[in-house]
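Each chain, letter by letter, is given below.
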Amino acid sequence: MHSRNRYFPMVAYSDAGPELRALYDDVMAHFNVDFVLNYFKAQGNNIALLAGNWAKIKSVLFHGTVPRLLKEEIIYRISKQQNCQYCMYVHSKIIEDLQAKIQHLKGEGNNTGQAGYLTREQEGAVELLATMAAEKTPDTQVYCDQLLALGFSQEQIPELLAVVDLTFMINMQAKVSGIAIDEELLHKLEL
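Worth saying up front: this structure is predicted, and the values here are computed from it rather than measured.

**Student:** What is the right way to look at empty space enclosed by the protein in this model?
**Tutor:** Over the atoms, a rolled probe matching the size of one water molecule traces out where space is still vacant. This model, assessed by the stated rule, comprises one cavity of 30 Å³ or more. For the largest cavity, the calculated volume is near 130 Å³. In terms of lining residues, the largest cavity is bounded by 13 residues, among which Phe31, Tyr39, Phe40, His91 and Ile170 are the most central. Secondary-structure elements contributing two or more residues to the lining of the largest cavity are helix H2 (38-41), helix H3 (47-62), helix H5 (85-106) and helix H8 (156-177). Considering each element in turn, the lining of the largest cavity owes the most residues, five residues, to H5.

**Student:** It is not clear to me how the side chain of Asn171 should be interpreted in this structure. Could you clarify?
**Tutor:** As for its position among the elements, Asn171 is in helix H8. Judged by its relative accessible area of 3%, Asn171 falls in the buried class. For Asn171, the side chain forms a polar contact with the side chain of Ser79, separated by 2.9 Å. The contact partners of Asn171, leaving out residues within four places of it in the chain, are Ile78, Ser79, Gln82, Cys84 and Cys87.

**Student:** Just to check I follow, could you spell out the packing of helix H7 (residues 140-149) against H8 for this structure?
**Tutor:** The geometry of a pair of packed helices is captured by two quantities: the angle between their axes and the separation between those axes. The N-to-C vectors of H7 and H8 enclose an angle of 120°; their axes lie 10 Å apart at closest approach. The orientation of H7 with respect to H8, classified from their angle, is oblique. Considering the relative orientation of H7 and H8, their crossing is right-handed. Together, Cys144, Leu147 and Leu148 of H7 and Ile157, Leu160 and Leu161 of H8 make up the contact between the two elements.

**Student:** Please explain unusual backbone geometry as it appears in this structure.
**Tutor:** A negative phi holds for most residues other than glycine; trans holds for most peptide bonds. For Asn32, which is not glycine, the phi dihedral falls at a positive 55°. Structurally, the position occupied by Asn32 is in the loop between helix H1 (18-31) and H2.

**Student:** Would you mind showing me how to read the nonpolar core here?
**Tutor:** Among soluble globular proteins, nonpolar side chains are generally buried collectively. Ranked by internal contacts, the top residues of the largest apolar core, which has 56 residues, are Phe31, Phe40, Ile57 and Ile74. Among the secondary structure elements, those contributing two or more residues to this core are H1, H2, H3, helix H4 (68-81), H5, helix H6 (120-134), H7 and H8. Among the elements that take part in this core, H8 stands out by supplying eight residues, more than any other.

**Student:** I'm lost on H7 in this one. Help?
**Tutor:** For an α-helix the count is 3.6 residues per turn, leaving residues at separations of three or four pointing the same way. Among all positions of H7, only Tyr143, Cys144 and Leu147 are buried. Here the buried residues of H7 occupy an arc of 100° about the axis, which is enough to place them on one side. For H7, the elements touching its buried residues are H6 and H8. Positive backbone phi, at 105°, marks Gly151, one or two positions downstream of H7.

**Student:** Which parts of the structure should I look at to understand the pattern of salt bridges?
**Tutor:** For side chains of opposite charge, pairing can occur when their charged atoms come near one another. The final tally for this structure, using the stated rule, is seven salt bridges. Across the pair Glu72 and Arg68 runs a salt bridge, and its minimum N-O distance is 3.0 Å. Pair noted here: Glu72 and Arg68 are both in helix H4, with a separation of four residues, about one helical turn. Here Glu72 matches Arg68 in class, with each residue buried.

Cut-offs applied
Residues numbered from 1 in each chain as written. Predicted model: local features only at pLDDT ≥ 70, side-chain atom pairs only at ≥ 80, totals over all residues. Heavy atoms only, no water. 1 Å grid on protein atoms, 1.4 Å probe; cavity = no way out; pocket = protein on both sides within 12 Å on 5 of 7 lines; lining within 4 Å. Points joined across faces, edges and corners; volume = space filled by probe spheres on them. Helix = DSSP H or I, 4+ residues; strand = E, 2+ residues; numbered from the N terminus. Buried < 20%, exposed > 50% of the residue type's maximum accessible area, 1.4 Å probe, protein only. Polar contact = N/O pair within 3.5 Å; in protein donor to acceptor, adjacent residues only side chain to side chain. Contact = heavy atoms within 4.5 Å. Axes fitted to C-alpha atoms, helices over the stretch in contact; angles between N-to-C directions. Parallel < 35°, antiparallel > 145°, perpendicular 65-115°, else oblique. Left-handed = near helix turned anticlockwise from the far one by under 90°. Core = buried A, V, L, I, M, F, W, Y, C linked by side-chain atoms within 4.5 Å. Arc of directions from axis to C-beta. Salt bridge = Lys/Arg side-chain N within 4 Å of Asp/Glu carboxyl O.

Pasting the structure below:
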């Protein structure tokens, strides 16, 4: 179980010391999975780095008032633009699971359509942020004004921009570490 970059050897849960196991346990609890994603295992040799990156991921993804599904859609869309195969795959699986949970909560177990998961305003935000992320020097004030016009609050706009920032970070780390898609994800991911 190695990455394609020798500077990012993956540290399995069974090989982790107590401090690293505690971090892995927190990651698994937040993502509601029984395995450690390769993204985190590739950072296991540097506990300080992993702890900092995990704190950022946890703060951006699991806190705030912007719905998690919207955050995941933004990550997926920008990862696709950046051609980060690992992040595209992982976040598409997370999106599928979140959509299934929404269907279940709405009692729409037999509905096979995917429309209605995001509002028109949320879809607009995904489009805007993906466009902004693709620009070399975006005029962020213009994009923030457009997000405000879509109905996002002044408190939510920095949260949305933090998702863009997070996406660039995880895309870069996934690409340079050379990690492969988690074997467990190829079977089933339940978050």
